[in-house]
Amino acid sequence: MNYRKRFLVEPGAKVQLGELDPDFTGKHANETAAKADIADDLERLRKLQYRLYAEHERSLLIVLQALDAGGKDGTVRHVFGAFNPQGANVHAFKVPTPEEAAHDFLWRAHAATPARGHIAIFNRSHYEDVLVARVHDLVPEEMWSKRYDRINEFEKNLVQAGTHILKFFLHISPDEQLRRFKKRLDDPQSWWKLNESDYAERKHWDGYRKAYEDVLERCSTKRAPWYVIPANHKWFRNLAVASIVAYTLDELDPKLPKPAADIGAIRRAYEEAAAATSPA
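First things first, this report covers the structure right here in the doc. (Residues numbered from 1 in each chain as written. Predicted model: local features only at pLDDT ≥ 70, side-chain atom pairs only at ≥ 80, totals over all residues. Heavy atoms only, no water.)

To continue, consider helix α8 (residues 147-160). The terminal C-alpha atoms of α8, which comprises 14 residues, lie 20 Å apart, in line with the 20 Å expected from a rise of 1.5 Å per residue. Every buried residue of α8 is listed here: R147, Y148, I151, N152, F154, E155 and L158. Down the axis, α8 shows its buried residues gathered within 160 degrees of arc, on one side only. Exposed residues on α8 whose side chains face more than 90 degrees from its buried face are D149 and Q160. On the buried face of α8, the contacting elements are β1 (59-66), α5 (107-111), α6 (132-135), α7 (141-144), β4 (163-171) and α11 (205-219). In the segment just after α8, G162 is the residue with positive phi, at about 105 degrees. (Helix = DSSP H or I, 4+ residues; strand = E, 2+ residues; numbered from the N terminus. Expected span 1.5 Å × (residues − 1). Buried < 20%, exposed > 50% of the residue type's maximum accessible area, 1.4 Å probe, protein only. Arc of directions from axis to C-beta. Contact = heavy atoms within 4.5 Å.)

Here it is, written out as C-alpha cells:
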C-alpha cells in the first residue's frame, strides 16, 4: 500500500479528524503480519541515511505532533532508532525557556534545524505555537492567527536551502488515550511520565481537534506535507511512518560521493603492506 498517498493531507484540503479512523491497519491484520514489512523499511532507513550523510548536500526534517500519549516517543524509539545518531538528532520542544521566550516563536526551531547530510526529528515543534498557545489562550487570536503564514514561510525557506520536510500527526482516539494513561498508571516504570495536566487536558480535546484541523488545512504544502497517521495501533503507526520516510529518502536518491583519494594507489600500498607482514 502506498501510505504516502493514503495519509497525505492534500494542500488546501478540508480536514475532519472525526472522519479519519485511528484504528485503520490496512492489509495487515496484526503486528505479526506486518513484522517483515516493518523490518524491511527500517533496513531501508539505515541504508538511505548512510547515503544522505555521505552525500552531505541535503537534509531532512521530520516533525512529530500528537495529543498526549499519541506515540511521539515510541515513534522516535522504534522507527528513528534505525538511524545512526552521528547523523540524526531528536529535539523535544517543551515549555519555552526564558531565553527562548525572549525571541520570536520560530527562533528555537530554526536553531534545531538539520545541517546538510543530517536528519532532525522534532518531538513537538514550532506548531505548538498555534496549538497549545491557541487552546489555552496564551496569546491573543490576533497574534496566533498570523503564525500560520510565518510557519509556511519558515518551511519554504528551509526547503529552498535543501532541507526536505515531512510532518506527521499521530491520530489516536480519546478511548485509546485513556487506555494508555491507565497502562502508565499501572506500571511503576512509567510513573515518571505521569502528570496531572494529562487528564486536565482531556477536557480540551475538541479545542485541540479543531486547532489540529486548522494546522493540517493551512500548513500542508507540496514542499512540506502533513500526513495523518492512524496511531491507535502502535505497530501500524511505526509501519506507516517508516514507510513514508523510506519512500521519501528513496525518491531523493542520495548518492555516495566519488572518492577523493587514489583508490588504486591505496590498494597497492595495502598489498605491499600485506606482503611485507606475511610469513615467509
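This part takes up the environment of C219. As for its position among the elements, C219 is in helix α11. Between the C-alpha atoms of C219 and Y127, which are 92 residues apart in sequence, the distance is 9.7 Å. What C219 contacts, discounting residues up to four positions off in sequence, is Y127, Y148, I151, N152, E155, K167, A224 and W226.

On the surface, a nonpolar cluster with roughly 270 Å² of combined accessible area is contributed by L178, L185 and Y199. Assignment of secondary structure puts Y199 in helix α10 (residues 196-201). The class for Y199 is partly exposed, based on a relative accessible area of 36%. (Patch = residues over 30% accessible without salt bridge, like charges linked within 9 Å, V, L, I, M, F, W, Y side chains within 5 Å. Areas by Shrake-Rupley, 256 points an atom, 1.4 Å probe, with all protein chains shown as cover. Salt bridge = Lys/Arg side-chain N within 4 Å of Asp/Glu carboxyl O.)

This part covers the pattern of salt bridges. Going through the model one piece at a time under the given rule, you end up with 21 salt bridges. Residue R150 pairs with D104 through a salt bridge whose shortest N-O separation is 3.6 Å. Within this pair, whereas R150 is found in helix α8, its partner D104 is found in the loop between α4 (98-101) and α5, the two being separated by 46 residues in sequence. The network of salt bridges with shared partners includes D41, R44 and D250.

On to the sheet that holds strand β3 (residues 119-123). Overall, parallel pairing links the five strands, which are arranged β2-β3-β1-β4-β5 in an open sheet. The outermost strands of the open sheet, each flanked by one partner alone, are β2 (88-92) and β5 (226-230). The mean inter-strand angle of the sheet, taken between neighbouring strand axes irrespective of direction, is 20 degrees. Pairing analysis gives five bridges linking β1 to β3, with the strands arranged parallel. The residue of β3 that forms the bridge with V63 is F122. Helix-sheet contacts for α8 involve β1 and β4, and the interaxial angle to β4 is about 135 degrees. Strands in contact with α11 are β1, β4 and β5; relative to β5, the strand with the most contacts, it is inclined by about 140 degrees. (Pairing = 2+ DSSP bridges. Axes fitted to C-alpha atoms, helices over the stretch in contact; angles between N-to-C directions.)

With that settled, the discussion passes to the nonpolar core. Counting 75 residues, the largest nonpolar core has L45, I62, F168 and V245 as the members making the most contacts within it. If you tally residues by element for this core, the top one is helix α12 (residues 234-252), at 11 residues. Sequence-distant contacts of L45, that is, excluding residues within four places in its chain, are made with V79, A82, F83, A242, V245, A246 and L249. (Core = buried A, V, L, I, M, F, W, Y, C linked by side-chain atoms within 4.5 Å.)

When the terminal C-alpha atoms of helix α13 (residues 263-277) are compared, their 21 Å separation across 15 residues agrees well with the 21 Å that a helix rising 1.5 Å per residue should span. Taking the backbone nitrogen of G264 as reference, a side-chain oxygen 3.0 Å away marks D262 as the first, capping residue of α13. (Polar contact = N/O pair within 3.5 Å; in protein donor to acceptor, adjacent residues only side chain to side chain.)

Time to look at the pairing of β5. Counting buried positions along β5 gives five out of five residues, so the element sits mostly inside the fold. Burial along β5 is two-sided: the face carrying W226, V228 and P230 and the face carrying Y227 and I229 are both buried. The pairing of β4 with β5 spans five bridges and is classified as parallel. Residue pairing in the sheet places H171 in a bridge with P230 of β5.

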